[in-house]
Amino acid sequence: MDGRTAKWRISTKIACLYGAILFVMLCLMSFVTGLGIYFSYYNQAEHEMQISIRNVLHHLDEGTAFTREFWFDEPILPGVVLRVTDMSGQLLIDTDSHYPAIDDVNANVIKHKPLWASDHMQVSKIHNMVIYHAKIDTVYHGDVLQLHFYRTITANESFLRHLQLLVLLGTVLSFLLALLAGYFMSNRILRPIRTLTQTARKIEVERMDRRIPVPASHDELAELADTFNHMLDRLQAGFKQQQRFVSDASHELRTPVTVILGYSDLLSRWGRTDKEVLDEGIASIRSEAEDMQQLIEKLLFLARADQKRQVLHKENIELSELLADVMKKMQLVEKDHTVELRENEPGIIYADPVTMRQMVRIFLQNSQKYTPKGGHIWASSRRAPDGRHMLLELADDGIGIAKENQEKIFERFYRVDSSRTKAEGGVSGTGLGLSIAQWIAEQHDIRISIESDLGKGTKFILEIPIVG
Ligand code: ATP
Ligand code: MG
């Protein structure tokens, strides 16, 4: 409970709403039906009275009233009673002597006629009997006469009242039934939502493998459960990746720190006296610290990329100039390999110059690392046959990459030969270079493909979109 507002379950709401709608409809229906019954009862009576009155008046006009011929003609419809009196109230004719007396009927006239009663008629109620009646004064053969017409609307008024009560009871009962049925049905329909809520409540960061059972029906709830499960899949994958990233990063940092600690122990013990130990210690500590710095730089870059905080300042640049510059600088420092820039066709690309350089260097540095001394490293750039891309190739004749590893090299922290460290004669590396290159490529719509054979060399081909 919220405290401020009462928390209603949807099933309760639906049940109440439908119950209320049904209730209103039933009330309306029974009201209309009841009204119809009353109208038809009164209407029928009025109709028969009027026919009888008309017939009698006709005979009065003709001068044939109350003769044998008159009675033979049966002017008064069955159910209608006619009484004729003179002005003193003396009863002259009575078609039904068992009918309530004129005075009785007159004494029991109801003041407020019901809506459905005719204006020309009076309504009297004697015990359970409702009587419709009308009085007409007329002159016949010089005598002033009073004609009294009667018609019973119902001899058992309580029946009508019972009927009303029954209808009302039926309405209330149907309402309650609808309320109950609505509650159970919506409860049943919405059960998956409750399961969903319960499952969602149980999902913790440590227990992300839970999934919501998807109902067999192909309705909105099944869709919701399915969507929810897919969302959890994605969250779990992202979370796992994050966790692996953190543990890999920590692992990578542990090695240089251990080495640095080892050397500082060595230095504190022998470094003061032994110049050789001193030099080696300082050099090693420096090298490890440099590696660590590079690793941290790369981690920061990827963290910024993940958080979409890595800013790129794209502009139109001449690819051939950029490539020539990178290659020239590399040639200046490179002593162990032959570095060569082959074809370098001009082409304008829309790119961030800083990260673009960084990407080219990542590939070239890999070539340096994974090509034995005396090997060749070369680059070439030319227009693709489609005219819309530049094909930038960065290649070496180094150790190459086995086919089965070619897909994995872009994964974070993945290194083909991760077991061999620098100290063991391997090459140092964090396995992050190509992940960064791939991110940069994605930001520039660049497609990377790789051609490599173990022992023969590696060639990375970058398809870079040209401006215009
Ligand atoms: P760093 O983060 O310092 O670059 P790294 O070079 O090991 O570390 P990546 O650049 O991502 O990491 O490369 C991943 C792996 O792919 C490398 O460890 C290496 O095994 C393989 N690799 C990449 N380029 C080449 C290449 N030109 N020749 C052979 N193997 C390569
Ligand atoms: Mg690398």
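Up top is the structure these notes are about.
No experiment lies behind these values; they were computed from the predicted model shown.

Chemist: So what exactly am I meant to see when it comes to the overall build of the chain here?
Modeler: Looking only at helices and strands, one finds 10 helices and 12 strands in the chain. Relative to a compact globule of 468 residues, whose C-alpha radius of gyration would be 23 Å, the chain shows 53 Å and is clearly more extended. If one aligns the C-alpha atoms of the chain with their principal axes, the spans along those axes are about 160 × 60 × 35 Å. Burial statistics for the chain: of 468 residues in total, 36% are counted as buried. The long-range share in the chain, meaning contacts at least 24 apart out of those at least 6 apart in sequence, stands at 63%. When the accessible area of the chain is evaluated, it comes to approximately 29300 Å², of which 57% is carbon and sulfur surface. Averaging the locations of the 54 positively and 61 negatively charged side chains of the chain gives two centres separated by 8 Å.

Chemist: Even after reading the chapter, I still don't get the nonpolar core, so can you show me in this structure?
Modeler: Within the largest apolar cluster, 44 residues are counted, with the highest numbers of intra-cluster contacts made by M356, M359 and I464. Excluding residues within four positions of it along the chain, M359 makes contact with A437, I440, A441, I446 and L462. Ranked by size, the runner-up nonpolar core spans 28 residues in total, among them Y42, I53, F70 and Y132.

Chemist: What am I meant to see in a nonpolar patch on the surface here?
Modeler: Taken together, the side chains of I10, I14, L17, Y18, I21 and M25 make up a nonpolar region of the molecular surface, amounting to roughly 600 Å² of accessible area. Tracing the backbone shows I21 in helix α1 (residues 10-62). Given a relative accessible area of 41%, I21 falls into the partly exposed group.

Chemist: How do you make sense of the sheet that holds strand β12 (residues 457-465) when you look at a structure like this?
Modeler: To summarise the sheet geometry, strands pair through backbone hydrogen bonds and adopt either a parallel or an antiparallel arrangement. Spatial strand order, β7-β9-β10-β12-β11: five strands in an open sheet with mixed pairing. Pairing within the sheet leaves two strands with one partner each, and these edge strands are β7 (338-344) and β11 (447-453). The average undirected angle you get between the axes of adjacent strands in this sheet is 15°. In the sheet, β11 pairs with β12 via seven bridges, with the strands oriented antiparallel. By the bridge assignment for β12, E451 is matched with K459.

Chemist: When you look at the packing of helix α7 (residues 275-306) against helix α10 (residues 433-443) in this model, what are you seeing that I'm missing?
Modeler: Relative orientation and spacing of two packed helices are given, respectively, by the angle between their axes and the distance between those axes. Relative orientation of the contacting elements α7 and α10 amounts to 35°, with a least axis distance of 10 Å. The way α7 lies across α10 gives a crossing that is left-handed. Contact residues: α7 offers K298, F301, L302 and A305, while α10 offers I436, W439 and I440. When the residues that make up the contact of α7 with α10 are grouped by side-chain class, the tally is six nonpolar, no polar and one charged.

Chemist: Please explain the site of ligand 1 as it appears in this structure.
Modeler: In the region of ligand 1, 20 residues are neighbours, and N366, Y370, R415, T430 and L434 sit closest. Between an oxygen atom of ligand 1 and a side-chain N or O atom of N366, the distance comes to 2.9 Å. In this structure, an oxygen atom belonging to ligand 1 sits 3.1 Å away from a side-chain N or O atom of K369. Relative to its unbound accessible area of 590 Å², ligand 1 is 96% covered by the protein chains. Elements with a contribution of two residues or more to the shell around ligand 1: α9 (353-369) and α10. With three residues, the top contributor of residues to the shell around ligand 1 is α9. When its residues are assigned to classes, the shell around ligand 1 shows eight nonpolar, eight polar and four charged.

Scoring rules and cut-offs
- Residues numbered from 1 in each chain as written.
- Chains lettered and ligands numbered in written order.
- Predicted model: local features only at pLDDT ≥ 70, side-chain atom pairs only at ≥ 80, totals over all residues.
- Heavy atoms only, no water.
- Helix = DSSP H or I, 4+ residues; strand = E, 2+ residues; numbered from the N terminus.
- Rg over C-alpha atoms; globule rule 2.2 N^0.38 Å.
- Buried < 20%, exposed > 50% of the residue type's maximum accessible area, 1.4 Å probe, protein only.
- Contact = heavy atoms within 4.5 Å.
- Areas by Shrake-Rupley, 256 points an atom, 1.4 Å probe, with all protein chains shown as cover.
- Lys, Arg positive; Asp, Glu negative; His and termini not counted.
- Charge placed at Lys NZ, Arg CZ, Asp CG, Glu CD.
- Core = buried A, V, L, I, M, F, W, Y, C linked by side-chain atoms within 4.5 Å.
- Patch = residues over 30% accessible without salt bridge, like charges linked within 9 Å, V, L, I, M, F, W, Y side chains within 5 Å.
- Salt bridge = Lys/Arg side-chain N within 4 Å of Asp/Glu carboxyl O.
- Pairing = 2+ DSSP bridges.
- Axes fitted to C-alpha atoms, helices over the stretch in contact; angles between N-to-C directions.
- Left-handed = near helix turned anticlockwise from the far one by under 90°.
- Nonpolar A, V, L, I, M, F, W, Y, C, P; charged D, E, K, R; others polar.
- Near = heavy atom within 4 Å.
- Polar contact = N/O pair within 3.5 Å; in protein donor to acceptor, adjacent residues only side chain to side chain.

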